Amino acid sequence: MQNRSNLIRLAVAKGRVAKEAVKMLGRFGIEFTEDVSTTRKLIIPDKTGNYEIVLVKPSDAPTYVEEGVCDCGIVGRDIIVENDSDVFVLFSLDIGKCALCVAGKEGTDFRNIPGLKVASKFVNSARNFLSSQGIEADIIKLNGSVELAPILGMSDVIVDIVETGTTLKENGLVVLEKINDISSVFIVNKAALKTKYKDIKILMDILRGNENENN
Ligand code: PRP
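In this text, all values refer to a predicted model and were calculated from it rather than measured experimentally.

Basis of the calculations
- Residues numbered from 1 in each chain as written.
- Predicted model: local features only at pLDDT ≥ 70, side-chain atom pairs only at ≥ 80, totals over all residues.
- Heavy atoms only, no water.
- Patch = residues over 30% accessible without salt bridge, like charges linked within 9 Å, V, L, I, M, F, W, Y side chains within 5 Å.
- Areas by Shrake-Rupley, 256 points an atom, 1.4 Å probe, with all protein chains shown as cover.
- Salt bridge = Lys/Arg side-chain N within 4 Å of Asp/Glu carboxyl O.
- Helix = DSSP H or I, 4+ residues; strand = E, 2+ residues; numbered from the N terminus.
- Buried < 20%, exposed > 50% of the residue type's maximum accessible area, 1.4 Å probe, protein only.
- Near = heavy atom within 4 Å.
- Polar contact = N/O pair within 3.5 Å; in protein donor to acceptor, adjacent residues only side chain to side chain.
- Pairing = 2+ DSSP bridges.
- Right-handed = clockwise from strand over helix to strand, strands pointing away.
- Axes fitted to C-alpha atoms, helices over the stretch in contact; angles between N-to-C directions.
- Contact = heavy atoms within 4.5 Å.

A. Seen up close, a nonpolar patch on the surface. Taken together, Leu 148, Ile 151 and Leu 152 make up a surface patch of nonpolar side chains, about 290 Å² in accessible area. Within the fold, Leu 152 resides in helix α5 (residues 148-152). With relative accessibility at 67%, the residue Leu 152 sits in the exposed group.

B. Broad picture of the site of the ligand. Around the ligand, a shell composed of 13 residues is seen, among which Lys 121, Glu 147, Thr 164, Gly 165 and Thr 167 lie nearest. Residue Arg 16 places a side-chain N or O atom 2.9 Å away from an oxygen atom belonging to the ligand. Between the ligand and Ser 145 there is a distance of 2.8 Å, counted from an oxygen atom to a backbone nitrogen or oxygen. About the coverage of the ligand: the protein hides 71% of its 500 Å² of free accessible area. Looking at the shell around the ligand, the elements that each hand over two or more residues are β9 (157-162) and α6 (166-170).

C. Structural view of the pairing of strand β8 (residues 137-141). Judged from the 5 bridges that link them, strand β7 (residues 116-120) and β8 form a sheet pairing that is parallel. Within the sheet, the bridge partner assigned to Val 118 lies in β8 and is Ile 139. Regarding topology, helix α4 (residues 123-132) serves as the crossover connection from β7 to the parallel β8, and that connection is right-handed.

D. Geometry of the pattern of salt bridges. Scanning all chains against the criterion turns up 11 salt bridges. Ionic pairing is found between Asp 86 and Lys 190, a salt bridge with its closest N-O pair at 2.6 Å. With Asp 86 in the loop between α3 (77-83) and β5 (88-92) and Lys 190 in helix α7 (residues 190-195), this pair connects stretches of sequence that are 104 residues apart. Judged by its relative accessible area of 44%, Asp 86 is partly exposed. For Lys 190, a relative accessible area of 35% gives the class partly exposed.

E. A look at the sheet that holds strand β4 (residues 72-76). With mixed pairing, the 6 strands of this open sheet are ordered in space as β2-β3-β1-β4-β11-β5. If you trace the sheet from one side to the other, it starts and ends with β2 (43-45) and β5, each paired once. Sheet twist, expressed as the average angle between the axes of neighbouring strands with direction ignored, equals 25°. Across 3 bridges, the pairing between strand β1 (residues 8-13) and β4 is parallel. Across the sheet, the residue bridging to Val 12 is Ile 74, located in β4. Across the sheet, helix α1 (residues 16-27) is in contact with β1, β3 (51-56), β4 and β11 (184-188); its angle to β1 comes to roughly 140°.

F. Seen up close, the side chain of Ser 184. Here Ser 184 is to be found in strand β11. By relative accessible area, Ser 184 is classed as buried at 1%. If near-sequence neighbours (up to four positions away) are discounted, Ser 184 is found in contact with Val 17, Ile 74, Val 75, Gly 76, Arg 77, Phe 91, Ser 92, Leu 93, Ile 95 and Gly 96.

G. Spatial organisation of the sheet that holds strand β6 (residues 98-104). Pairing within the open sheet is mixed, and its 5 strands lie in the order β8-β7-β9-β6-β10. Whereas interior strands pair on both sides, the edge strands pair on one side only; in this sheet they are β8 and β10 (174-182). Strand after strand, the sheet turns through a mean of 25° between neighbouring axes, direction not considered. Two elements, β6 and β10, share 7 bridges in a ladder whose sense is antiparallel. If you follow Cys 98 over to β10, its bridge partner there is Ile 182.

Here it is in structure tokens:
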């Protein structure tokens, strides 16, 4: 695919983050030609032709940016920590707010379960947390719907993202411990930051209007 020299291609995690990111860009006059919540298109230009949003699976967003096919991206910090990606993480945004938590059935004393089993999409983050707490555990990697693991007895607990808490509630689970707060971050390809600095800076200035100073 051709990449016009001043076109900025932005990898954005599909779903809630994409919806919030488009809303935020819209407030600064960057409007897209399709509704990201309903379209099945994966590459969506803005009305000026200066930007393209590329809708990606959250865990793949850093790869598109690292490989340089997208100049920058908006993705949860959890994904960056998990992937250890070779991209610049420039600043946090006030969108995609959630928390990484240990969750399970109410009353599960996960610190005192010999041979603790933990299911997670975020195995590195789970391992780092558990080892920092001196907790030995078997970690089971899943790619989604992790709440199923403790319900079906495949694990004692999960380490997962909690945003509204609805998924846990509707599946009879609770937060047992919050590990840390998370929000989306703005990431940039290392070469693109030099070669397209002027255009990326414009986008950065727009997004910084929404920068979360707590992160
Ligand atoms: C995430 C997360 C939880 C859910 C939490 O999953 O893994 O399952 O959202 O959100 P809530 O607290 O607002 O209910 P996602 O929707 O990305 O789907 P997945 O399970 O297929 O990864």
